[in-house]
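Residue-level structure breakdown
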Amino acid sequence: MKILVSACLLGRNCKYNGGNNYDPQVAAFLEGKEIVSVCPEVMAGLGIPRTPIEIVNGELKDRFGNSVDAALKEAVEQVLELVRGQGISCAILKSRSPTCGVHQVYDGTFSGRLIPGSGVLAQALKDAGAPQPKEFADILRAVTMGLAVCYRDAIAEMSRVTGKTFTSINIVGGGSQNVVLNRWTADVCGLPVYAGPTEGTALGNLAAQMIACGEFADLAAFRAALPASCEILTYLPGQESPAV
């Protein structure tokens with residue numbers, strides 16, 4: 001899998017102030033994958049550091065009103081050629097950039113105000129039918145929703161095979177700490193989600209030892225004691241906040 005990535009997300013010091021936008025989550029996601037990193041501003045010869053650039057009435061200009069439109073659009077064409085020649089299957093771009101922003105860009109007043117829109121590279125990728133550009137949050141959102149849908153499908157299949165109706169979902173272990181996944185699972189499945197306990201493996205070992213020592217009669221008795229000993233949150237369909 002070959003992925004186009006904004007170079008600043010990988011730690012390259014190519015943003016306007018000479019720094020970078022290194023994202024450890026992006027770096028972790030990209031491990032083991034073939035990467036093609038780009039920075040249209042550097043490819044356009046604008047230098048590092050450089051005067052901030054925004055899209056002003058459809059034209060790329062720096063803060064002093066100088067047009068850099070032609071240079072950046074030529075750099076975008078170079079990236080498109082790279083995408084066509086390299087077989088890129090995915091693009092992860094830096095948010096809010098005048099070139100790489102996917103969902104929002106600055107409004108052209110250099111005041112820090114954001115508006116809906118795409119940077120020139122992101123828009124060019126969309127227009128060319130190339131792999132649709134994403135911000136990393138888009139990928140996380142897709143993965144998380146995909147897990148919730150998998151829970152729904154698994155429950156439906158278990159119901160079909162067993163003939164039983166399931167009325168709730170209990171997520172245990174470290175994954176139970178994913179608040180967004182818990183909430184989306186409740187919404188997608190239409191069932192209450194009980195999240196916790198988080199230390200599933202340790203509690204399983206403890207249960208075996210305490211039952212063997214006679215502290216609990218059986219597993220059912222141990223389970224009955226858990227709510228008083230561990231925090232278990234309840235996520236209901238359509239509700240934002242969980243109940244303890």
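Structure first, text after, so check above.
Given the structure is predicted, the values throughout are model-derived calculations rather than measurements.

On to the side chain of E54. Relative to the helices and strands, E54 is located in strand β3 (residues 53-56). For the buried E54, no salt bridge exists, and the shortest N-O distance to an oppositely charged side chain is 6.5 Å, to R63. Within polar-contact distance, the side chain of E54 engages the backbone nitrogen of G108 at 2.8 Å. A polar side-chain atom of E54 sits 3.1 Å from the main-chain amide nitrogen of F110. Excluding anything up to four places from it in sequence, E54 contacts E59, L60, K61, P98, Y106, D107, G108, T109 and F110.

Applying the stated criterion across every chain yields a total of zero disulfides. Unpaired in this structure, C100 has its nearest cysteine sulfur neighbour in C8, at a distance of 6.7 Å. In this structure C100 comes out as buried when scored by relative accessible area, which is 4%.

Attention now moves to the pattern of salt bridges. Tallying each qualifying case throughout the model produces eight salt bridges. Taking the shortest distance from any N to any O, the salt bridge between K73 and D69 comes out at 3.1 Å. On the criterion of helical spacing, the pair formed by K73 and D69 is a turn pair, its members being four residues apart in helix α3 (residues 69-86). Judged by its relative accessible area of 14%, D69 is buried. In this structure, E157 engages R160 in a salt bridge whose closest nitrogen and oxygen atoms are separated by 2.6 Å. Of this pair, E157 and R160 both sit in helix α5 (residues 136-162), three residues apart, which is roughly one turn of that helix. Owing to a relative accessible area of 39%, E157 belongs among the partly exposed residues under this scheme.

To continue, consider the nonpolar core. Residues L4, L60, V83, L93, L121 and L125 are the most contacted members of the largest nonpolar core, which totals 25 residues. Every element with two or more residues in this core is listed here: β2 (34-38), β3, α3 and α4 (120-127). At six residues, α3 tops the list of elements feeding residues into this core. Leave out the neighbours within four places in its chain, and L60 touches I53, E54, I55, N66, S67, V68, D69, L72, P98 and V120.

Before going further, it helps to spend a moment on the side chain of S6. Its place among the elements puts S6 in strand β1 (residues 2-6). Ignoring sequence-local partners within four residues, the contact set of S6 consists of V38, I92, L93, K94 and C100.

A few words on the environment of F222. Here F222 shows up in helix α8 (residues 219-229). Residue classification places F222 among the buried residues on the basis of a relative accessible area of 7%. Residues F222 and E199, spaced 23 residues apart in sequence, show a C-alpha to C-alpha distance of 15 Å. With residues near it in sequence (within four places) discarded, F222 still touches L203, L206, A207, M210 and F216.

Before going further, it helps to spend a moment on the packing of aromatic side chains. For the coordinates displayed, the defined rule picks out two aromatic pairs. Judged by centre distance (5.3 Å) and plane angle (80°), the rings of F216 and F222 are edge-to-face. With respect to burial, F216 and F222 carry one shared label: buried. One residue, K33, lies across the ring of F29, its end atom 4.5 Å from the ring centre.

Moving on, we come to the pairing of strand β4 (residues 59-62). Burial along β4 is one-sided: L60 and D62 are buried, while E59 and K61, pointing the other way, are not. Bridge analysis of β3 against β4 gives four bridges, and the strand direction is antiparallel. Considered in β4, the bridge of I53 is made with D62. Remark: two residues form the turn of the hairpin made by β3 and β4, two consecutive strands paired antiparallel; N57 in that turn has positive phi of roughly 50°.

Procedures and definitions
Residues numbered from 1 in each chain as written. Predicted model: local features only at pLDDT ≥ 70, side-chain atom pairs only at ≥ 80, totals over all residues. Heavy atoms only, no water. Helix = DSSP H or I, 4+ residues; strand = E, 2+ residues; numbered from the N terminus. Buried < 20%, exposed > 50% of the residue type's maximum accessible area, 1.4 Å probe, protein only. Lys, Arg positive; Asp, Glu negative; His and termini not counted. Salt bridge = Lys/Arg side-chain N within 4 Å of Asp/Glu carboxyl O. Polar contact = N/O pair within 3.5 Å; in protein donor to acceptor, adjacent residues only side chain to side chain. Contact = heavy atoms within 4.5 Å. Disulfide = S-S within 2.5 Å. Core = buried A, V, L, I, M, F, W, Y, C linked by side-chain atoms within 4.5 Å. Phe/Tyr/Trp six-rings, centres within 6.5 Å; stacked < 30°, edge-to-face > 60°. Lys NZ or Arg CZ within 6 Å of the ring centre and 35° of its normal. Pairing = 2+ DSSP bridges.

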